[in-house]
Amino acid sequence: MSNHHFFDSQLDPFKAQQLLHSLKIKPNKKLGQNFLVDKNIAAKLISVANLSKETDEILEVGPGLGCLTSLLVKNTKKVHAIELDKRLYRFLKDETSKNENLNLILGDVLKIEIPSHNKVVSNIPYTITGPLLSKLLFKSNAPEIYMIIEKALADRIMAQPNTEAFSRLSVSVKTFAKPTIIQKIQRKCFYPIPKIELTMIKLIPHGKIDEFFDLEENIKLFLNLLRGIFPYKNKDSVNALYLYLKKFEVSKADTLGLLKSSQKSKKIRAFDLNDFFMIAKEIESQGLLREN
Ligand code: SAH
């Protein structure tokens, strides 16, 4: 049994180091193990999430040493915290046995079925940001998400058309949610100090976007389209689209038929947000990918 009782105390870099040492845990880069050790940043994330003890069911991805978890259980109705590292899971299990509104789960967030929740509040493992957004945000009834991610990714999410950072992440995230940067975070707020810069961001889902997205396979079609054409974002739309669609034996003429005249002379990186989704809809309604 644990005699640490670290869970309710605020961690600082020194305490985190000691605690990890006593647990014989060497922070693992592949698991994105950079623990938040700044109480102001933790408090800020909790405050922007505007939590309710009555209604909020939270998903926390990678609770780690529990510095956010301890604040979440005090301020919400229920917390589902999913941790992949067995040693951290066991530590947290011991420390939190009295917290009845905490559902601690051992598992890989990308692989397991996630309990229902209306908000995500996390300093996530930075290594899985993309796939995690696919699982949590790109669906109907997505939760509000308040999280700390790599700054370079946050910049790509925020990017406007016709800029260098404009990417499929900008399009996919903004199609489903409104992203807002809360603040940049200094690297020294984590232990061990990460090499990358980090940003606190919130993503508020648009709610119902279009009936098209009610079907999971249409969301897949849309995300695959983005993945397929963004490598050609500096090409004219017809060429970019054809380079993707010819793999499905779609002809150039059929490709042309997907585009409105206003879209035809544009490069992919100059497209408006809605253009992407409208092309996905056309591909679906014309049944272009169906026989393959
Ligand atoms: N949120 C904590 C820990 C951040 S470090 C804090 O702010 O201090 C990232 C955490 O995510 C680590 O605890 C790591 O073990 C965990 N993790 C990494 N990959 C995961 C996955 N696929 N599923 C669930 N947890 C994961």
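Sequence order as written defines residue numbering, which begins from 1 separately in each chain. Reporting in this predicted model follows two pLDDT cut-offs: at least 70 for local features of residues, and 80 or more for side-chain atom pairs to be given and counted; totals over whole chains, interfaces and linings ignore these cut-offs and use all residues. Only hydrogens and water are set aside when side-chain values are computed; all heavy atoms of the structure are taken into account.

### Some details on the overall build of the chain
If you tally the helices and strands in the chain, you get twelve helices and nine strands. Taken along its principal axes, the extent of the C-alpha atoms in the chain is 70 × 35 × 30 Å. Exposure classes here rest on a 1.4 Å probe applied to the protein chains alone. A residue is buried below 20% of its type maximum, exposed above 50%, and partly exposed in between. Taken over 292 residues, the chain has a buried fraction of 49%. Surface exposure of the chain reaches about 14700 Å², of which carbon and sulfur atoms provide 49%. Positive and negative side-chain charges in the chain, numbering 45 and 32 respectively, have mean positions lying 6 Å apart. Secondary structure counts use DSSP, requiring at least four H or I residues in a row for a helix and at least two E residues in a row for a strand, with both numbered from the N terminus. A 1.4 Å probe and the Shrake-Rupley method give the accessible areas. Residues count as covered only by the protein chains that appear here. Positive charges come from Lys and Arg, negative ones from Asp and Glu, while His and the chain ends are left out of the count. To locate a charge, the coordinates of NZ of Lys, CZ of Arg, CG of Asp or CD of Glu are taken.

### Let's talk about the packing of aromatic side chains
Each Phe, Tyr or Trp ring, with Trp reduced to its six-membered ring, pairs with another whose centre is within 6.5 Å; inter-plane angles below 30 degrees give stacked pairs, above 60 give edge-to-face pairs, and intermediate values give tilted ones. In the structure shown here, the tally under the stated rule is 13 aromatic pairs. Relative to Phe222, the ring of Phe176 lies with its centre 6.3 Å away and its plane at 65°, an arrangement referred to as edge-to-face. Placement of Phe176 in helix H7 (residues 168-176) and of Phe222 in helix H8 (residues 216-229) is noted, with a sequence separation of 46 residues between them. For Phe222, a relative accessible area of 0% translates into the label buried. A centroid spacing of 5.4 Å and a plane angle of 55° characterise the contact between Phe271 and Phe276, whose relative ring orientation is tilted. With respect to burial, Phe271 and Phe276 carry one shared label: buried. Following the ring pairs from residue to residue traces out a cluster consisting of Phe138, Phe176, Phe212, Phe213, Phe222 and Phe277.

### Remarks on the state of the cysteines
Any pair of cysteine sulfurs within 2.5 Å is marked as a disulfide. Within the structure shown, the criterion is met by zero disulfides. Not engaged in a disulfide, the cysteine Cys67 finds its nearest cysteine sulfur in Cys189; these two sulfurs lie 11 Å apart.

### A few points about the packing of H8 against helix H12 (residues 273-285)
An axis is simply a line fitted to the C-alpha atoms; with a helix, the fit covers only the stretch in contact. Between two such axes, the angle follows the N-to-C directions and lies from 0 to 180 degrees. At their nearest, the axes of H8 and H12 sit 9 Å apart, and the two run at 115° to each other. Where H8 crosses over H12, the handedness of that crossing is right-handed. Along the contact surface, H8 presents Asn218, Leu221, Phe222, Leu225, Leu226 and Ile229, while H12 presents Phe276, Phe277, Ile279, Ala280, Ile283 and Glu284. Gly is placed with the polar residues, together with every amino acid not listed as nonpolar (Ala, Val, Leu, Ile, Met, Phe, Trp, Tyr, Cys and Pro) or charged (Asp, Glu, Lys and Arg). Along the lines of polarity and charge, the residues of the contact of H8 with H12 split into ten nonpolar, one polar and one charged. What makes a crossing left-handed is the near helix being turned counterclockwise from the far one by less than a right angle; a clockwise turn instead makes it right-handed. Pairs of residues are marked as contacts when any of their non-hydrogen atoms sit within 4.5 Å.

### Details of the sheet that holds strand S3 (residues 78-83)
Note on pairing: DSSP must find at least two bridges between two strands before they are called paired. The mixed open sheet is built from seven strands, whose spatial order is S4-S3-S2-S5-S6-S9-S7. Every other strand in the sheet has two partners, leaving strand S4 (102-106) and strand S7 (177-185) as the edge strands with one partner each. Across this sheet, the average inter-strand angle for adjacent strands is 20°, counted without regard to direction. One ladder, built from five bridges, connects strand S5 (residues 119-123) with strand S6 (residues 144-150); its direction is parallel. Bridge pairing in S6 places Val121 opposite Tyr146.

### Here's the deal with H7
Within H7, eight of the nine residues are buried, which leaves it mostly tucked inside the rest of the structure. Along H7, the residues classified as buried are Leu169, Ser170, Val171, Ser172, Val173, Lys174, Thr175 and Phe176. Packed against the buried residues of H7 are helix H5 (129-136), helix H6 (151-158), S7, strand S9 (198-205), H8 and H12.

### Considering the packing of H7 against H8
Following both chains from N to C, one finds H7 and H8 inclined at 155°, their axes separated by 9 Å at the closest point. As far as their axial angle goes, H8 and H7 are roughly antiparallel. Like other packed secondary-structure pairs, H7 and H8 cross with a definite hand, here right-handed. In this structure, H7 contributes Arg168, Val171, Ser172, Thr175 and Phe176 to the contact, and H8 contributes Ile219, Phe222, Leu223, Leu226 and Arg227. Along the lines of polarity and charge, the residues of the contact of H7 with H8 split into six nonpolar, two polar and two charged. Each angle is binned into one of four classes, with values under 35 degrees roughly parallel, values over 145 roughly antiparallel, values of 65 to 115 roughly perpendicular, and all other values oblique.

### Overview of the pattern of salt bridges
For this analysis, a salt bridge means a side-chain nitrogen from Lys or Arg found within 4 Å of a carboxyl oxygen belonging to Asp or Glu. Evaluated as defined, the whole model comprises nine salt bridges. Residues Lys184 and Glu197 are paired through a salt bridge, measuring 3.9 Å at the closest nitrogen-oxygen approach. Of this pair, Lys184 sits in strand S7 while Glu197 sits in the loop between strand S8 (190-191) and S9, and the two are 13 residues apart along the sequence.

### So, the side chain of Gln263
Its location among the elements puts Gln263 in helix H11 (residues 261-264). Take Gln263: its relative accessible area is 2%, and that puts it in the buried class. Each residue touching Gln263, except ones within four places of it in the same chain, is listed here: Ser237, Leu258, Phe271, Asp275 and Ile279.

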